[in-house]
Amino acid sequence: MTFIILIAVWIVIGLLLGAFATSIWKEPRPYGDVADYGAAVIATVITGIIDWLIFPYFNIEGWLKFAGFILEPALVALVVLWVMRKMKRAKVE
């Protein structure tokens, strides 16, 4: 049950980051709304699942585990969105 709740949280985080991407970088979406939302959701869910599988091997517990499950997928999604913008800018120039 916890895993399903985490997946839902990761999806919400990805959607929020996709929605606020234009506010963060102050430029239009290079590949459109769907690409920003999709890339952010996919990045958060995949990173979260990898964390879910790896954290037990390192005995990460408590608040650090919670922070890792929430913050790391969000940061990876932001990096993916930033790379998408850099790729589009490099392609145009």
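Residues numbered from 1 in each chain as written. Predicted model: local features only at pLDDT ≥ 70, side-chain atom pairs only at ≥ 80, totals over all residues. Heavy atoms only, no water.

Between two packed helices, what matters for the description is the angle formed by their axes and the separation of those axes. For the pair helix H1 (residues 2-25) and helix H3 (residues 62-92), interaxial distance at closest approach is 10 Å and the crossing angle is 40 degrees. Relative to H3, H1 is oriented oblique. Considering the relative orientation of H1 and H3, their crossing is right-handed. Here Leu 6, Val 9, Trp 10, Ile 13, Leu 17, Gly 18, Ala 21, Thr 22, Ile 24 and Trp 25 of H1 lie close against H3, whose contacting residues are Phe 69, Ile 70, Pro 73, Ala 74, Ala 77, Leu 78, Leu 81, Trp 82 and Arg 85. Class assignment of the residues belonging to the contact of H1 with H3 gives a composition of 16 nonpolar, two polar and one charged. (Axes fitted to C-alpha atoms, helices over the stretch in contact; angles between N-to-C directions. Helix = DSSP H or I, 4+ residues; strand = E, 2+ residues; numbered from the N terminus. Parallel < 35°, antiparallel > 145°, perpendicular 65-115°, else oblique. Left-handed = near helix turned anticlockwise from the far one by under 90°. Contact = heavy atoms within 4.5 Å. Nonpolar A, V, L, I, M, F, W, Y, C, P; charged D, E, K, R; others polar.)

The next point concerns the confidence of the model for the protein chain. For the protein chain, the mean per-residue pLDDT works out to 90, and 98% of the residues sit at or above 70. For the protein chain, per-element mean pLDDT is lowest for H3, which scores 89, and highest for helix H2 (residues 33-54), which scores 94. (pLDDT = per-residue confidence, 0-100.)

Taking 1.5 Å per residue, 24 residues should reach 34 Å; H1 reaches 33 Å between its end C-alpha atoms and fits that length. Considering bend angle alone, the principal kink of H1 is centred on Ala 19 and spans about 40 degrees. Against the buried residues of H1 lie H2 and H3. A positive backbone phi angle near 55 degrees is found at Lys 26, which sits one or two residues after H1. (Expected span 1.5 Å × (residues − 1). Bend = angle between axes of the 7 residues up to and from the residue.)

A positive phi is found at Lys 26, a non-glycine position, where the angle reads about 55 degrees. Topologically, Lys 26 is positioned in the loop between H1 and H2. A positive phi angle is found at Asn 59, which is not glycine, with a value near 55 degrees. Structurally, Asn 59 can be placed in the loop between H2 and H3.

The next thing to look at is the packing of aromatic side chains. If you walk through the whole model with that rule in mind, you get five aromatic pairs. Centre to centre, the rings of Phe 3 and Trp 10 are 6.4 Å apart; their planes meet at 80 degrees, and the pair counts as edge-to-face. With relative accessibility at 27%, the residue Phe 3 sits in the partly exposed group. Residue classification places Trp 10 among the buried positions, given a relative accessible area of 0%. (Phe/Tyr/Trp six-rings, centres within 6.5 Å; stacked < 30°, edge-to-face > 60°. Buried < 20%, exposed > 50% of the residue type's maximum accessible area, 1.4 Å probe, protein only.)

By the definition in use, this model includes three salt bridges. In this structure, Arg 29 engages Asp 33 in a salt bridge whose closest nitrogen and oxygen atoms are separated by 2.7 Å. The class of Arg 29 is buried, set by a relative accessible area of 19%. A relative accessible area of 44% places Asp 33 in the partly exposed class. A salt bridge links Arg 29 to Asp 36; its shortest N-O distance comes to 3.0 Å. In terms of burial, Arg 29 and Asp 36 fall into one category: buried. Salt bridges linked by common partners bring Arg 29, Asp 33, Asp 36 and Arg 85 together as one network. (Salt bridge = Lys/Arg side-chain N within 4 Å of Asp/Glu carboxyl O.)

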